[in-house]
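The primary structure of each chain is shown beneath.
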2 protein chains.
Amino acid sequence: MSERVGRASIRLEEPVYITESASIVGKKEGEGPLGLLFDVVGEDDLFGCTSWEEAESVLQKQAVSLALEKAGLKAEEVNLLFAGDLLGQSIASSFGVSAFRIPHFGLYGACSTCGEGLALGAMAIAGNYAEKAVCVTSSHFASAEKEFRFPLDYGNQRPLSATWTVTGGGAFVLSRQADRKKAEKNNICYYWDTTNTSVGKNTQMSVGARARISGMTIGIITDFGLKDSMNMGACMAPASASTLERHFIDFGSQPSDYDRIITGDLGSVGQKILIDMMQKKGYDISAQHMDCGIEIFDAQAQDTHSGGSGCGCSAVTLSAYILKQLEEKNWKRVLFMPTGALLSKTSFNEGKSVPAIAHALILEAC
Amino acid sequence: MSERVGRASIRLEEPVYITESASIVGKKEGEGPLGLLFDVVGEDDLFGCTSWEEAESVLQKQAVSLALEKAGLKAEEVNLLFAGDLLGQSIASSFGVSAFRIPHFGLYGACSTCGEGLALGAMAIAGNYAEKAVCVTSSHFASAEKEFRFPLDYGNQRPLSATWTVTGGGAFVLSRQADRKKAEKNNICYYWDTTNTSVGKNTQMSVGARARISGMTIGIITDFGLKDSMNMGACMAPASASTLERHFIDFGSQPSDYDRIITGDLGSVGQKILIDMMQKKGYDISAQHMDCGIEIFDAQAQDTHSGGSGCGCSAVTLSAYILKQLEEKNWKRVLFMPTGALLSKTSFNEGKSVPAIAHALILEAC
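No experiment lies behind these values; they were computed from the predicted model shown.

1. With respect to the overall build of chain A
From N to C terminus, chain A includes 11 helices and 17 strands. Taking 2.2 N^0.38 as the reference for a compact globule, 366 residues should give roughly 21 Å; the C-alpha atoms of chain A span a radius of gyration of 19 Å, in line with that estimate. Counting over 366 residues, chain A shows a buried share of 63%. In chain A, 79% of the contacts between residues at least 6 apart in sequence involve partners at least 24 apart.

Right, here's the structure in full:
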């Protein structure tokens, strides 16, 4: 059951559970502040492959594999898979998840894809179109630089407003029941073994679910005419402000109703703009706002400038950090709002602006 | 209300209506066998723009505009928009539909996107997540050649198995009620006026709805290892056979239950393979099978080889021809199954295969 509480805001009367999730990241992400929380950290960013695109497909494949394993599910027990990435024609997803043979919806929401997938997945579960659904997204620093900017070998300079695309994949198992199986709970971090293309058995399972999705607000493409692909935080801030304002109005809520209001990858530049824009709309979110892109790297020490970005950024931070806080009841309710910049190399080269979108989900401790 | 009748097959107990739709195509499509049925035919394929990508965005924009106008709806009355195209990062959609400011789900299903959008749109309507939803897809011959193969100026040769990407955009308004407003019904074909970037008033409306969606089977990515991007019919046939077989099993139906079983863009090469594959699975679909790619062009006279292809191919054929047959009760029930080849220029150049997917929808006369 669900109830529309606005044009595109939905309250799920019977919540949808994120029973399990998994995260796999590259070396740099493993060295960052959240490094110890990820399920798998790669020794290098090729993950045993010969191309960056294939490596990104491994991120998708392993994230889904591990999430299913944690949930005690076989691929054939999953009704629907929602998958997306940043590459042209979403090839990281198509090649990454095809072996599971799960009925598939391909998504493109740029770095908002994790939010888009969870929203559609939750709608599918709550509407009884699926008993189990999996949502997966990924990004890879090297494949993204090649896709959007320059080959790594070119060694281009990056302004301080630029973000660093996260190498990572995150997968989430959605279910109508909080039916996660019991298992020993050990906080183990696996390191990728290049001689062995699978990851070891995970023993982090506990009874119930990691969190529940109780509502959502679907994003509107917002384009303020900004054209700087090296300052995507600024391009995306207006879209997240638009979604956030509609969310507060539709749900009759306010910033203090959430322990955290979490954007995907605005970075430090975009964060300031969002807080300012919300202030002008009458909402002070400065105490609650958190950005996955800021959390995932130590910008100073790791030279990532404005922060992390990419579909994988919000996905792995959700899996490794945010859901852990909800699971441990440190937070009771958060608004998770991945943000996406809808540009391409072609649109950028043709002098177009960078439209953006952000989808918001209410996540609650079970 | 809806009922799952298989792992990823859904019967909509209360059907979802396609109340209105619109199609806009390029010059070549206008000269084809269905030419007189399209709502708008361009005088050239630039539609008043200076780049092929912008021209494709116009296809999306005008298709949505015209569908809303026919349905007597304002953009702000629409809850959700499902949009996708073939270009990297779906820029034809993002730039084409952003001005409507409708809450947006970006999709990537290659040429199956029309089926993916209608499936998710129908799920959203039936689940009461939306009162009105719009689904739109497009493709453009020139932007697709540039994106997937070679610039047009290169003048590359095309084998007989190759298909010709349709320049076209199709949009569909979904609703829980068959609430299309009454208007005069005239079969008028508009020609694009390059001095005027809008299309004239459409008077094709009639009471009720064009058709209803009563069920669906979601596709599974299927990869037989074929690598020939100039023979996408062969790459996609196994995916459509997989969906079709699951559909027949899940719904307990057989080919004769449908007046037509309609694939998106297998072309004449893919059609033969699909019919053969289904024969081996025990289903003779030779009497019912129809392919939008075969219908849209006169392959001999228009030199399109195996047939038409692209997201736009199935979308404009659905809007202009298939829904017309259902509306006029010439057909009572069809299975509409757009097919998509999930390759990219990068995956092709890296020597990867061409995975494919197909989603099936049961469309019935009202």
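2. Details of helix 5 (residues 141–148) of chain A
Residues and elements named next belong to chain A. Counted residue by residue, helix 5 has 6 buried out of 8 residues, so it is predominantly covered. Those residues of helix 5 that sit buried are Phe-141, Ser-143, Ala-144, Lys-146, Glu-147 and Phe-148. On the buried face of helix 5, the contacting elements are helix 2 (52–71), strand 6 (132–139), strand 7 (164–165) and helix 11 (345–349).

3. Points about the interface of chain A and chain B
Residue-level contacts link 49 residues of chain A with 49 residues of chain B. Residue assignment for the side of chain A that touches chain B shows that the elements contributing at least two residues are strand 1 (2–6), strand 4 (80–84), helix 3 (91–97), strand 5 (104–106), helix 4 (113–126) and helix 11 of chain A. Here the element with the most residues in the side of chain A that touches chain B is helix 4 of chain A; it accounts for 4 residues. Residue composition of the side of chain A that touches chain B, by class: 23 nonpolar, 18 polar and 8 charged.

4. Brief notes about the confidence of the model for chain A
Residues and elements named next belong to chain A. For chain A, the mean per-residue pLDDT works out to 92, and 92% of the residues sit at or above 70. Low pLDDT (under 50) marks residues 182–206, which in the prediction has 40 contacts with non-local residues, meaning those over four places away or in another chain. Both scores are available for the predicted complex, with the pTM at 0.94 and the ipTM at 0.94.

5. Regarding the nonpolar core
Formed by 244 residues in total, the largest nonpolar core has its most connected members in Ala67(A), Ala122(A), Val134(A), Ala67(B), Ala122(B) and Val134(B). If sequence neighbours within four positions are ignored, Ala67(A) has contacts with Glu20(A), Ser21(A), Ala22(A), Val134(A), Ala171(A), Phe172(A) and Val173(A).

6. As for the domain arrangement of chain A
Residues and elements named next belong to chain A. Looking at the assigned domains, one finds that chain A contains domain 1 (2–191) and domain 2 (215–364). The straight-line distance from the C-alpha centre of domain 1 to that of domain 2 is 17 Å. The interface is formed by 54 residues belonging to domain 1 together with 58 residues belonging to domain 2. For the side of domain 1 that touches domain 2, the elements supplying multiple residues, two or more each, are strand 1, strand 2 (9–25), helix 1 (27–30), helix 4, strand 6, helix 5, strand 7 and strand 8 (168–175). It is strand 2 that provides the largest number of residues to the side of domain 1 that touches domain 2, a total of 9 residues.

7. Structural notes on the relation of the copies chain A and chain B
Superposing chain A onto chain B takes a rotation of 180 degrees combined with a translation of 0.0 Å along the rotation axis, leaving an RMSD of 0.0 Å. Given the turn and translation reported, the copies of this chain are related as if by a two-fold rotation axis. Residue by residue, 100% of the interface of chain A is reproduced at the interface of chain B, so both copies engage with the same surface.

8. Some remarks on the pairing of strand 1 (residues 2–6) of chain B
The side chains of a regular strand alternate, residue by residue, between the two faces of the sheet. Residue and element names in this part refer to chain B. The pairing of strand 1 with strand 2 (residues 9–25) spans 4 bridges and is antiparallel. In the sheet register, Ser-2 faces strand 2, and the bridge partner there is Leu-12. The turn joining strand 1 and strand 2, which pair antiparallel and follow one another in sequence, is formed by 2 residues.

9. A few points about helix 4 of chain A
Helical periodicity: at 3.6 residues per turn, an α-helix aligns residues three or four positions apart in one direction. Residues and elements named next belong to chain A. Helix length check: helix 4, at 14 residues, gives a terminal C-alpha distance of 19 Å against a target of 20 Å (1.5 Å per residue), a fit within 8%. Burial of helix 4 is extensive: 14 of the 14 residues sit out of reach of the surface. Of the residues one or two after helix 4, Asn-128 is the one with positive phi, at around 65 degrees.

10. Topic: unusual backbone geometry
All names here are of chain A. Although it is not a glycine, Ser-90 sits at a positive phi angle of roughly 45 degrees. Take Ser-90: it is sitting in the loop between strand 4 and helix 3. Of note in this structure, Asn-128 is not a glycine but carries a positive phi near 65 degrees.

11. With respect to the environment of Ala241(A)
Residues and elements named next belong to chain A. Its location among the elements puts Ala-241 in helix 6 (residues 232–251). Overall, the presence of 22 C-beta atoms within 10 Å leaves Ala-241 in the buried class. Along the chain, Ala-241 and Leu-274 lie 33 residues apart, while their C-alpha atoms are 6.0 Å from each other.

12. Description of the environment of Gly115(A)
Mapped onto the elements of the fold, Gly115(A) is located in helix 4. Distance in space between the C-alpha atoms of Gly115(A) and Met216(A) is 9.2 Å, their sequence separation being 101 residues.

13. Brief notes about the pairing of strand 6 of chain A
All names here are of chain A. Summarising burial for strand 6: 8 of the 8 residues are buried, a large majority. Residues Lys-132, Val-134, Val-136 and Ser-138 of strand 6 are buried on one face, and the alternating residues Ala-133, Cys-135, Thr-137 and Ser-139, pointing to the opposite face, are buried as well. Note that strand 4 and strand 6 share 5 bridges and pair parallel. Paired with Phe-82 across the two strands is Cys-135, which belongs to strand 6.

14. A word on the environment of Thr222(A)
Residues and elements named next belong to chain A. Mapped onto the secondary structure, Thr-222 falls in the loop between strand 10 (211–217) and helix 6. A tally of 22 C-beta atoms within 10 Å means that Thr-222 is categorised as buried. For the pair Thr-222 and Ala-341, spaced 119 residues apart in sequence, the C-alpha to C-alpha distance is 9.6 Å. Ignoring any residue separated from it by four or fewer positions in sequence, one finds Thr-222 in contact with Pro-238, Ala-239, Ser-242, Pro-355, Ala-356 and Ile-357.

15. Quick look at the packing of helix 2 of chain A against helix 5 of chain A
Residues and elements named next belong to chain A. Two elements in contact, helix 2 and helix 5, have axes whose closest approach is 8 Å; the angle formed by their N-to-C orientations is 130 degrees. Accordingly, the angle class assigned to the pair helix 2 and helix 5 is oblique. Crossing angle aside, the handedness with which helix 2 passes helix 5 is left-handed. Of the residues in helix 5, those touching helix 2 at Trp-52, Glu-53 and Glu-56 are Ala-142, Ser-143 and Lys-146.

Cut-offs and rules
Residues numbered from 1 in each chain as written. Chains lettered and ligands numbered in written order. Predicted model: local features only at pLDDT ≥ 70, side-chain atom pairs only at ≥ 80, totals over all residues. Helix = DSSP H or I, 4+ residues; strand = E, 2+ residues; numbered from the N terminus. Rg over C-alpha atoms; globule rule 2.2 N^0.38 Å. Buried ≥ 20, exposed ≤ 12 C-beta atoms within 10 Å, placed from the backbone. Contact = placed C-beta atoms within 7 Å. Nonpolar A, V, L, I, M, F, W, Y, C, P; charged D, E, K, R; others polar. pLDDT = per-residue confidence, 0-100. Core = buried A, V, L, I, M, F, W, Y, C linked by C-beta atoms within 7 Å. Domains from an automatic or database assignment. Least-squares fit on C-alpha atoms with pLDDT ≥ 70 in both. Pairing = 2+ DSSP bridges. Expected span 1.5 Å × (residues − 1). Axes fitted to C-alpha atoms, helices over the stretch in contact; angles between N-to-C directions. Parallel < 35°, antiparallel > 145°, perpendicular 65-115°, else oblique. Left-handed = near helix turned anticlockwise from the far one by under 90°.

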